[in-house]
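# Coordinates in review
Given next are the chains, with one letter for each unit.
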Amino acid sequence: MSGNGNGAATAEENGPKMRVIRVGTRKSQLARIQTDSVVAMLRAFYPGLQFEIVAMSTTGDKILDTALSKIGEKSLFTKELEHALEKNEVDLVVHSLKDLPTVLPPGFTIGAICKRENPYDAVVFHPKFVGKTLETLPEKSVVGTSSLRRAAQLQRKFPHLEFKSIRGNLNTRLRKLDELQEFSAIILAAAGLQRMGWQHRVGQILHPEECMYAVGQGALGVEVRAKDQDMLDLVGVLHDPETLLRCIAERAFLRHLEGGCSVPVAVHTAMKDGQLYLTGGVWSLDGSDSMQETMQATIRVTAQVPKLEGEGEGEKTDLPVTSSFLLTRSHLLPSPSRKMALRMIRSWWGSLPGTFHEKPSWLLRTWASAWPVCC
């Protein structure tokens, strides 16, 4: 029996080793849950690969006594991860898309944008205020949020409330809410609460007319080295077509305004009847002044649709401007991402109704300047 056991062990040692893909992530519980979900999808596609998660702390994780808007750096939650990617210590990095600056450092690209969770903000109330809403909280109640975007919008909507910065990961902020008497409620991303399994703590969902969300909120982005064709091929299967189109539009809007954590910028996007709508807004810090505009990108045009390898000649077809735009910019993408974009466009277009009306949009001009860095 011992001889058979040694033989099996020797065969296992001499057998082919599984290739290891190293996945970078932040150390927080939420970041790990998000990364685990991406790795689970990749394992389903590539059962012959082994995935190793490499967790690290970022600048934003370490500086907890200062509001994000006052730290003065756009790569608060990404710099250390990108440094590891640059040094080949990891092969890809999973981010909350809203943490990724709209202009990435040279040599990096977003290889995939995964299907979006609920993008809205949620209110979690102190136990003594469960059953309340922001509107029914007592005068001068203090609401915690780490976001200028949320504070500016909500001060305008709920002037009877006071808004105060609260930092830390989800666990820390919830503990501060429950154990201290400082906050009557805090505002968090609904997607984060859902991923942590804390839906039962949500007392109110803030809809766009109350508080529009952050660019990319609820979506996960996978960052890779721009010239790493192998990784681009590998992660391209994770793209979600609708999320991709909406987030490209949102990131283009933010890039056009050059906004970040220090500017109250918010969006709301929707796809309905084949049309993509984007409402964007900018607020003064106290919420007293604001500008909002809704843009619509649909337009049926005739475009030459490139064929994928082995499919023969290209063909002319009617496509909405969103799709036509992606097709005409497809040469900017690495080969596998270009193929994925073409497949997604065809799939998306095939599901749309047949009637569209031309209505040129400022959004498309914004896309034109933002596409190379937004995707």
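Attention here is on the structure that accompanies the text.

Cut-off values and rules
- Residues numbered from 1 in each chain as written.
- Predicted model: local features only at pLDDT ≥ 70, side-chain atom pairs only at ≥ 80, totals over all residues.
- Heavy atoms only, no water.
- Helix = DSSP H or I, 4+ residues; strand = E, 2+ residues; numbered from the N terminus.
- Expected span 1.5 Å × (residues − 1).
- Buried < 20%, exposed > 50% of the residue type's maximum accessible area, 1.4 Å probe, protein only.
- Pairing = 2+ DSSP bridges.
- Axes fitted to C-alpha atoms, helices over the stretch in contact; angles between N-to-C directions.
- Contact = heavy atoms within 4.5 Å.
- Polar contact = N/O pair within 3.5 Å; in protein donor to acceptor, adjacent residues only side chain to side chain.
- Right-handed = clockwise from strand over helix to strand, strands pointing away.
- Salt bridge = Lys/Arg side-chain N within 4 Å of Asp/Glu carboxyl O.

On to the environment of Ser57. Examined against the element boundaries, Ser57 turns out to sit in the loop between strand S2 (49–56) and helix H3 (59–62). Separated by 24 residues in the primary sequence, Ser57 and Leu81 place their C-alpha atoms 8.5 Å from one another.

Take helix H2 (residues 29–45) next. Its 17 residues give H2 an end-to-end C-alpha distance of 25 Å, which sits within 8% of 24 Å, the value for a rise of 1.5 Å per residue. Where H2 is concerned, the buried positions are Leu30, Ala31, Gln34, Thr35, Val38, Val39 and Leu42.

With that out of the way, let us pick up the sheet that holds strand S13 (residues 290–297). Strand order in the open sheet made by the three strands is S11-S12-S13, with antiparallel pairing throughout. Each edge of the sheet is formed by a strand with only one pairing partner; in this case those strands are strand S11 (265–272) and S13. The mean inter-strand angle of the sheet, taken between neighbouring strand axes irrespective of direction, is 15 degrees. For S11 and strand S12 (residues 275–283), the ladder comprises eight bridges, and the chain directions are antiparallel.

Another point: helix H6 (residues 148–157). Buried residues of H6: Arg149, Arg150, Ala151, Ala152, Gln153 and Leu154, and no others. As for H6, its buried residues are in contact with strand S5 (121–125), strand S7 (162–164), strand S8 (185–189), strand S9 (202–206), S11 and S12. A distance of 3.1 Å separates the backbone nitrogen of Arg149 from a side-chain oxygen at the start of H6, and that oxygen is part of Ser147.

You can see Arg149 is positioned in helix H6. Accessibility expressed as a relative area gives 6% for Arg149, which makes it buried. Within polar-contact distance, the side chain of Arg149 engages the side chain of Gln217 at 3.3 Å. Among all residues touching Arg149, those that are not within four sequence positions of it are Asp121, Cys211, Met212, Tyr213, Ala214, Gln217, Pro264, Val265 and Ala266.

It is worth spelling out unusual backbone geometry at this point. Its identity as a non-glycine residue notwithstanding, Asn88 has a phi of 65 degrees, on the positive side. Within the element layout of this structure, Asn88 appears in the loop between helix H5 (79–86) and strand S3 (92–96). Since its relative accessible area comes to 42%, Asn88 is described here as partly exposed.

Further remarks concern the sheet that holds S7. Within the open sheet, the five strands sit side by side as S7-S6-S8-S5-S9. Their pairing is mixed. Only two strands of the sheet have a single neighbouring strand rather than two, namely S7 and S9. Neighbour-to-neighbour, the strand axes of this sheet turn through a mean angle of 30 degrees, independent of strand direction. Where H6 meets the sheet, its contacts fall on S5, S7, S8 and S9, and the angle it forms with S8 comes to roughly 125 degrees. Against the sheet, helix H7 (residues 170–179) makes contact with S5 and S8, and its axis sits at roughly 165 degrees relative to S8, the strand it touches most.

Now for the pairing of S2. Bridge count between strand S1 (residues 19–26) and S2: eight bridges; the pairing is parallel. Bridge assignment links Val20 to a residue of S2, and that residue is Gln50. Regarding topology, H2 serves as the crossover connection from S1 to the parallel S2, and that connection is right-handed.

Between side chains of opposite charge, a pair can form as their charged atoms come close. Counted according to the given criterion, the structure contains 12 salt bridges. The salt bridge partner of Arg22 is Asp91, with a shortest N-O separation of 3.1 Å. Of the two residues, Arg22 sits in strand S1 while Asp91 sits in the loop between H5 and S3, which places them 69 residues apart along the sequence. Classification of Arg22 as partly exposed rests on a relative accessible area of 25%. Salt-bridge contacts for Arg246 lead to Glu242; the nearest nitrogen and oxygen are separated by 3.6 Å. Here Arg246 pairs with Glu242, and both are found in helix H10 (residues 241–257), just four residues apart, close to one helical turn.

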